[in-house]
Amino acid sequence: MIQMKKTSSAVAIFVLIIQLIVPGMAQLSFNKKSESSNKNERRIDLIIQKMTLEEKIDLLGGFDRFYIRDVPRVGIPRMKMADGPVGLRNYGNSNAMPSTISLASTWNLQLAESYGRELARDSRARGVHYLLAPGVNIYRAPMNGRNFEYFGEDPFLTSRFAVNYINGVQSQNVSATVKHFIANNSEFDRHETDSIIDERTMREIYLPAFEAAVKEAQVGSIMDSYNLVNGVHTSQSGYLNNEIAKKEWGFDGVIMSDWRSTYDGVAAANGGLDLEMPAGEYMNRQTLLPAIQQGKVSEATIDDKVRRILRVAARFGWFDHEQTDTSIPLYNAAGRQIALQTAREGIVLLKNQGNLLPLDKKKIKAIAVIGPNAYPAITGGGGSSLVEPFNAVSLLEGLANIGGLDVKVTYAKGLPTLSELAEKTNFTVEPNGEAGLRHEYFSNDFLEGTPDSVRVDNHINFGSVIRVATAGPADSSRWTGWFMPKEAGIHDFFVQNTGLDGGFYRLKVDDNLVINSWEDARAAIGQISLKLDAKPHKI
């Protein structure tokens with residue numbers, strides 16, 4: 001009993017000491033953080049004071065697609081961005097990570113932090129300051145083209161994975177960018193889709209992951225979405241950007257647009273957008289200088305945006321060190337191991353009829369692999385997630401390698417690619433004339449005047465970007481020809497193009513405009529079914 005009392009007393013004294021020390025340590029840590037923050041703010045004040053109003057406005061528009069412009073005169077470095085929910089896309093080969101819905105399927109938060117850290121290490125190896133990830137929108141429609149980039153339909157699970165992912169990224173002095181704020185639930189007609197959401201649904205479903213990213217992970221930047229929310233484009237929504245993110249949550253970083261998701265420079269400036277990407281198409285001198293002179297936008301608003309950009313740079317040390325870390329190899333073996341671990345832990349087996357899996361080479365004589373995605377390897381869902389790995393193993397190769405000489409592996413593509421369909425579609429310059437289409441090229445955007453060149457193309461199949469002359473970024477082309485159906489009936493027409501560098505397109509059949517992405521760019525592949533007679537039809 002006496003010994004127990006002595007032990008208890010010792011414990012009581014120890015606990016008391018801890019209670020006294022920990023608050024002091026916390027206060028010391030808080031003071032250091034405050035001191036560092038105040039030092040950064042003073043530094044930013046001096047930079048802003050030296051900048052002209054024109055320089056401040058220029059800083060609010062992106063530069064060369066994936067950069068924030070530098071201002072050497074006042075010591076502002078050029079800041080580099082990279083697409084990256086599942087790997088760096090923009091700067092050559094990089095680790096291709098499993099999709100983030102696969103990451104969420106692991107239920108492994110520590111792995112999520114490692115996943116983010118390795119993406120950031122790949123970023124540092126390439127001098128990237130902003131990683132444009134993670135995506136945290138909530139699954140609301142199964143046909144949403146970016147679902148694989150998100151963490152699923154549950155706000156709590158998404159929040160937990162987002163926080164750990166961001167912590168991993170920002171541990172390497174790379175700013176994470178949580179996106180797309182908010183309710184990005186459709187790639188189809190994404191510039192015009194309006195998400196009508198009541199306040200409770202917004203708070204319980206759509207906002208929690210973003211709130212956790214700001215409050216818990218102190219994310220450096222937020223990317224607005226293309227869509228409207230309750231009638232207002234998010235890039236100019238003062239309620240979302242100013243009232244909720246900046247005031248209610250205390251977000252002190254950068255709110256940037258998605259690429260070409262700004263629609264009104266003055267509305268965006270007042271609505272809380274700090275950075276327009278990929279360029280200042282709307283938030284520029286021509287728009288904002290007159291607005292400031294007329295009192296429609298205050299200079300204090302511009303200064304706050306500049307301050308936020310500089311604050312993120314100061315926080316992650318970009319003023320003081322070169323972002324490229326040459327000690328990290330471009331071919332990141334540690335990242336490859338995290339990718340493999342994620343792939344293994346993320347597998348969800350719904351059914352294993354007859355205990356077929358795992359495959360037993362002693363029992364299997366032959367395997368048939370069917371489908372266009374079996375070869376070559378498909379490592380991403382396209383767009384901002386189209387990562388080019390150093391090497392990739394396709395399903396066909398993987399199964400053949402495992403089977404070895406003992407198992408016969410056969411393959412059938414099953415479906416032709418769109419490129420193959422384009423090559424098999426035959427046209428003539430005139431009805432029943434020579435093969436091909438008349439191609440007229442113009443060095444302007446609108447097919448105006450006399451064409452700079454005329455030639456005959458057998459097929460229209462040039463990849464995503466069409467450049468047939470070196471006249472600069474403003475150009476347009478027109479193909480004219482005739483299509484002869486082998487038999488009457490329903491025929492499917494399609495045009496595939498990115499709608500960005502690849503431009504926009506119009507398709508006329510028998511002089512009727514049937515697809516028009518110049519006015520309404522709804523999807524990457526425009527398609528329509530038409531009933532044709534067995535006679536030549538003008539294209």
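Higher on the page you've got the structure.
Note that the structure is predicted; figures quoted are calculated from it, not measured.

Visitor: Help me understand the packing of aromatic side chains, please; the structure alone is not making it clear to me.
Guide: We describe a pair of aromatic rings using the distance from one ring centre to the other and the angle between the two ring planes. For the coordinates displayed, the defined rule picks out 12 aromatic pairs. Here Phe 316 and Trp 318 contribute two aromatic rings whose centre-to-centre distance is 5.6 Å and whose plane-to-plane angle is 25°, an arrangement assigned as stacked. Per residue, the accessibility class of Phe 316 equals that of Trp 318, and both read buried. Taken together, the ring pairs connect Tyr 115, Phe 151, Phe 161 and Tyr 165 into an aromatic cluster. Over the aromatic face of Tyr 91 sits the side chain of Lys 80, whose NZ or CZ is 4.2 Å from the ring centroid. Note that Arg 190 overlies the ring of Tyr 226, its terminal NZ or CZ placed 3.9 Å from the centroid.

Visitor: Help me understand the sheet that holds strand β13 (residues 437-442), please; the structure alone is not making it clear to me.
Guide: Remark on secondary structure: sheet strands pair via backbone hydrogen bonds, oriented parallel or antiparallel. Taken in spatial order, the 3 strands line up as β14-β13-β15 in an open sheet, and their pairing is antiparallel. Unpaired on one side and paired on the other, β14 (453-457) and β15 (476-480) mark the two borders of the sheet. Going across the sheet, the axis of each strand differs from the next one's by a mean of 25°, ignoring polarity. Relative to β14, β13 runs antiparallel, the two sharing 5 bridges. Bridge pairing in β14 places Leu 437 opposite Asp 457.

Visitor: What exactly am I supposed to notice about the nonpolar core here?
Guide: Most often, soluble globular proteins have nonpolar side chains that are buried together. Met 81 and Ile 182 are the most contacted members of the largest nonpolar core, which totals 94 residues. In contact with Ile 182, other than residues within four places in its own chain, are Asn 137, Met 202, Tyr 206, Leu 207, Phe 210, Ser 225, Asn 227, Val 229, Thr 234 and Leu 240. Phe 493, Tyr 505, Leu 530 and Ile 539 belong to the second largest nonpolar core, which has 12 residues in total.

Visitor: Explain the side chain of Gln 170 to me, please; I cannot follow it from the model alone.
Guide: Counting through the fold element by element, Gln 170 comes out in helix α5 (residues 155-170). Since its relative accessible area comes to 10%, Gln 170 is described here as buried. Among the polar contacts listed, one links the side chain of Gln 170 to the backbone oxygen of Gln 218, at a separation of 3.1 Å. Not counting residues within four places of it along the chain, the set of residues in contact with Gln 170 comprises Ser 175, Ala 176, Ala 217, Gln 218, Val 219, Gly 220, Arg 315 and Phe 316.

Visitor: Please explain a nonpolar patch on the surface as it appears in this structure.
Guide: A cluster of nonpolar side chains, contributed by Leu 349, Leu 356, Leu 357 and Leu 359, occupies part of the molecular surface with about 360 Å² of accessible area. In this fold, Leu 356 is placed in the loop between α12 (333-346) and β11 (366-370). Since its relative accessible area comes to 51%, Leu 356 is described here as exposed.

Visitor: Hey, could you run me through helix α11 (residues 299-315) in this one?
Guide: Structurally, the α-helix is built with 3.6 residues per turn, so residues lying three or four positions apart point the same way. Across its 17 residues, α11 extends 24 Å between first and last C-alpha, which sits within 8% of the 24 Å expected from 1.5 Å per residue. Here α11 has its buried residues at Ile 302, Lys 305, Val 306, Arg 308, Ile 309, Leu 310, Arg 311, Val 312, Ala 313 and Ala 314. Within two residues after α11, Gly 317 carries a phi angle of roughly 80°, on the positive side.

Visitor: Sorry, what's going on with the sheet that holds strand β3 (residues 79-83) here?
Guide: Read across the sheet, 7 strands follow the order β1-β2-β3-β4-β5-β7-β10 without closing on themselves; strand pairing throughout is mixed. One side of each edge strand has no neighbouring strand; the edge strands of this open sheet are β1 (62-63) and β10 (254-256). Pairing between β3 and strand β4 (residues 130-132): 3 bridges, direction parallel. Residue pairing across strands places Met 81 opposite Tyr 130, the latter belonging to β4.

Visitor: What's the story with the pattern of salt bridges in this structure? I'm lost.
Guide: Where charged atoms of side chains with opposite charge meet at close range, the side chains can pair. The tally for this structure, following the rule as stated, stands at 28 salt bridges. For Glu 299, the salt bridge goes to Lys 56, with nearest N and O atoms at 3.6 Å. Placement of the pair is Glu 299 in helix α11 and Lys 56 in helix α2 (residues 53-59), with a sequence separation of 243 residues. For Glu 299, a relative accessible area of 36% translates into the label partly exposed. Given a relative accessible area of 5%, Lys 56 falls into the buried group. Residue Asp 304 pairs with Arg 308 through a salt bridge whose shortest N-O separation is 3.0 Å. Of this pair, Asp 304 and Arg 308 both sit in helix α11, 4 residues apart, which is roughly one turn of the helix. Looking at Asp 304, the relative accessible area reads 30%, which means it is partly exposed. Residue classification places Arg 308 among the buried positions, given a relative accessible area of 7%.

Rules and cut-offs
All residue numbers here refer to positions counted from 1 along the written sequence of the relevant chain. Selection of residues for local features in this predicted model requires a pLDDT of at least 70, selection of side-chain atom pairs for listing and counting requires 80 or more, and totals for whole chains, interfaces and linings are taken over all residues. Think of the side-chain values as coming from all heavy atoms in the structure, minus any hydrogens and water. Two aromatic rings, drawn from Phe, Tyr or Trp (for Trp, its six-membered ring), form a pair once their centres lie within 6.5 Å of each other, and the interplanar angle then sorts them: stacked below 30 degrees, edge-to-face above 60, tilted otherwise. A 1.4 Å probe rolled over the protein chains alone gives each residue an accessible area, and that area as a share of the maximum for its type sets the label: buried under 20%, exposed over 50%, partly exposed in between. As a reminder, the over-ring test applies to NZ of lysine and CZ of arginine, requiring each to be within 6 Å of the ring centre and within 35 degrees of the ring normal. Note on pairing: DSSP must find at least two bridges between two strands before they are called paired. A run of H or I in DSSP counts as a helix once it spans at least four residues, and a run of E counts as a strand once it spans at least two, with each numbered from the N terminus. Helix axes use the C-alpha atoms of the stretch in contact, all axes being lines fitted to C-alpha atoms, and the angles between their N-to-C directions lie in the range 0 to 180 degrees. By convention a nonpolar core is built from buried Ala, Val, Leu, Ile, Met, Phe, Trp, Tyr and Cys residues, the set being connected through side-chain atoms within 4.5 Å. Contacts are assigned to residue pairs that have any heavy atoms within 4.5 Å of one another. Under this definition, polar contacts are N or O atom pairs within 3.5 Å; protein pairs additionally need one hydrogen-donor-capable and one acceptor-capable atom, and for neighbouring residues in sequence, both atoms have to be side-chain atoms. Residues enter patches when they are more than 30% accessible in relative terms and free of salt bridges; like-charged ones are connected within 9 Å and nonpolar ones (Val, Leu, Ile, Met, Phe, Trp, Tyr) within 5 Å. Using a 1.4 Å probe, the Shrake-Rupley method yields the accessible areas, and only the shown protein chains count as cover for residues. A side-chain nitrogen of Lys or Arg and a carboxyl oxygen of Asp or Glu constitute a salt bridge if their distance falls within 4 Å. Take the number of residues in a helix, subtract one, and multiply by 1.5 Å to get its expected span.

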